[in-house]
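Here's the letter readout for the chains.
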Amino acid sequence: MQNNPTYSISHTKIRTFVQVPIYGDPNAVDAAVRACLANEGFHPTKHTEMGRDEVVWKKGTGLASAMKFMKLLYQPNLLVITAWISSGLGPVGLFDMSLDGGYAFVPKKSCMKSVERVAQAAQSVPPMMQQNYVPQPPQQ
């Protein structure tokens, strides 16, 4: 769970933030990321945080192990993945934890591997070709 040279990772007490530079077509990047999340067993769901509803990607119910969450934020040439695990059952999470630290090591490690696969999927989209328009000289 250390910083990869192609993206950076930081942690707060309850969230892990991964900043992934992206250079491909944003729609193609989003499609690749969504496909990767679906392959990893995540599905989109509504999550309320600080009184605000957001769409996040969730895996698990909390029954066998902690629920895993990822939130995607696209900025110009950057994908920010916010990831965390939550103990509890179903929609009732008791407390959230970043993917750093030793407590609940197995689900944290599993979620971090999924985050790394998503980052790789985002960066696997080929860069967009720069299309500079150069006016042609008038024909005589």
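Procedures and definitions
Residues numbered from 1 in each chain as written. Predicted model: local features only at pLDDT ≥ 70, side-chain atom pairs only at ≥ 80, totals over all residues. Heavy atoms only, no water. Helix = DSSP H or I, 4+ residues; strand = E, 2+ residues; numbered from the N terminus. Expected span 1.5 Å × (residues − 1). Buried < 20%, exposed > 50% of the residue type's maximum accessible area, 1.4 Å probe, protein only. Arc of directions from axis to C-beta. Core = buried A, V, L, I, M, F, W, Y, C linked by side-chain atoms within 4.5 Å. Contact = heavy atoms within 4.5 Å. Phe/Tyr/Trp six-rings, centres within 6.5 Å; stacked < 30°, edge-to-face > 60°. Lys NZ or Arg CZ within 6 Å of the ring centre and 35° of its normal. pLDDT = per-residue confidence, 0-100. Salt bridge = Lys/Arg side-chain N within 4 Å of Asp/Glu carboxyl O.

**Q** Explain helix H1 (residues 26-39) to me, please; I cannot follow it from the model alone.
**A** Helical geometry note: an α-helix holds 3.6 residues per turn, so side chains three or four residues apart project in the same direction. With 14 residues, H1 ought to run about 20 Å at 1.5 Å a step, and its terminal C-alpha atoms sit 20 Å apart, in line with that. Those residues of H1 that fall on the buried side of the exposure criterion are Val29, Val33, Cys36 and Leu37. All buried residues of H1 fall inside an arc of 100° around its axis, so they share one side. The outward face of H1, more than 90 degrees from its buried face, is lined by the exposed residues Asn27 and Asn39. Phi turns positive one or two residues past the end of H1, at Gly41, with a value near 95°.

**Q** Which parts of the structure should I look at to understand the nonpolar core?
**A** Burial of nonpolar side chains together is a common tendency in soluble globular proteins. Among the nonpolar cores identified, the biggest contains 28 residues, and Val20, Met70 and Ile81 are the most heavily contacted of them. Elements represented by at least two residues in this core include exactly strand S2 (16-21), H1, strand S5 (67-75), strand S6 (78-89) and helix H2 (105-124). Top contributing element to this core by residue count: H2, with seven residues. Apart from the residues within four sequence positions on either side, Val20 is in contact with Tyr7, Asn77, Leu78, Leu79, Ile81, Ala119, Ala122 and Gln123.

**Q** Can you help me understand the packing of aromatic side chains in this one?
**A** To describe a pair of aromatic rings, you give the distance between the ring centres and the angle between the ring planes. The final tally for this structure, using the stated rule, is one aromatic pair. Taken together, a centroid distance of 5.2 Å and an interplanar angle of 10° make the contact between Phe69 and Trp84 stacked. Taken together, the residues span a long stretch of sequence, with Phe69 in strand S5 and Trp84 in strand S6 at a distance of 15 residues. We note that Phe69, like Trp84, is buried. Directly above the aromatic system of Trp84 lies the positively charged group of Arg15, at a separation of 3.7 Å from the ring centroid.

**Q** Explain the confidence of the model for the chain here, please?
**A** Detailed reading of the predicted coordinates is not advisable wherever pLDDT falls low. Per-residue confidence for the chain gives a mean pLDDT of 86; residues scoring 70 or more make up 84%. By mean pLDDT, the top-scoring element of the chain is S2 (97), and the lowest-scoring one is strand S7 (residues 92-97) (74).

**Q** Looking at this structure, I do not really get the pattern of salt bridges. What am I missing?
**A** For side chains of opposite charge, pairing can occur when their charged atoms come near one another. All told, the structure shown has five salt bridges when counted by the stated rule. The partner of Arg15 in a salt bridge is Asp96, and the shortest N-O contact between them spans 3.1 Å. Of this pair, Arg15 sits in the loop between strand S1 (8-11) and S2 while Asp96 is found in strand S7, placing the two residues 81 residues apart along the sequence. Relative accessible area serves as the criterion here: at 23%, Asp96 is assigned to the partly exposed category. Across the pair Arg34 and Asp30 runs a salt bridge, and its minimum N-O distance is 2.9 Å. In this pair, Arg34 and Asp30 both sit in helix H1, four residues apart, roughly one turn of the helix. Classification of Asp30 by relative accessible area gives partly exposed; the value is 21%. Residues joined by salt bridges that share partners form a network here, namely Arg52, Glu54 and Lys71.

**Q** How should I be thinking about unusual backbone geometry in this particular structure?
**A** Located in the positive-phi region is Asn77, a residue other than glycine, with phi close to 60°. Phi is positive for Ala104, which is not a glycine, with a value near 60°. Tracing the backbone through its elements, the reader meets Ala104 in the loop between S7 and H2.

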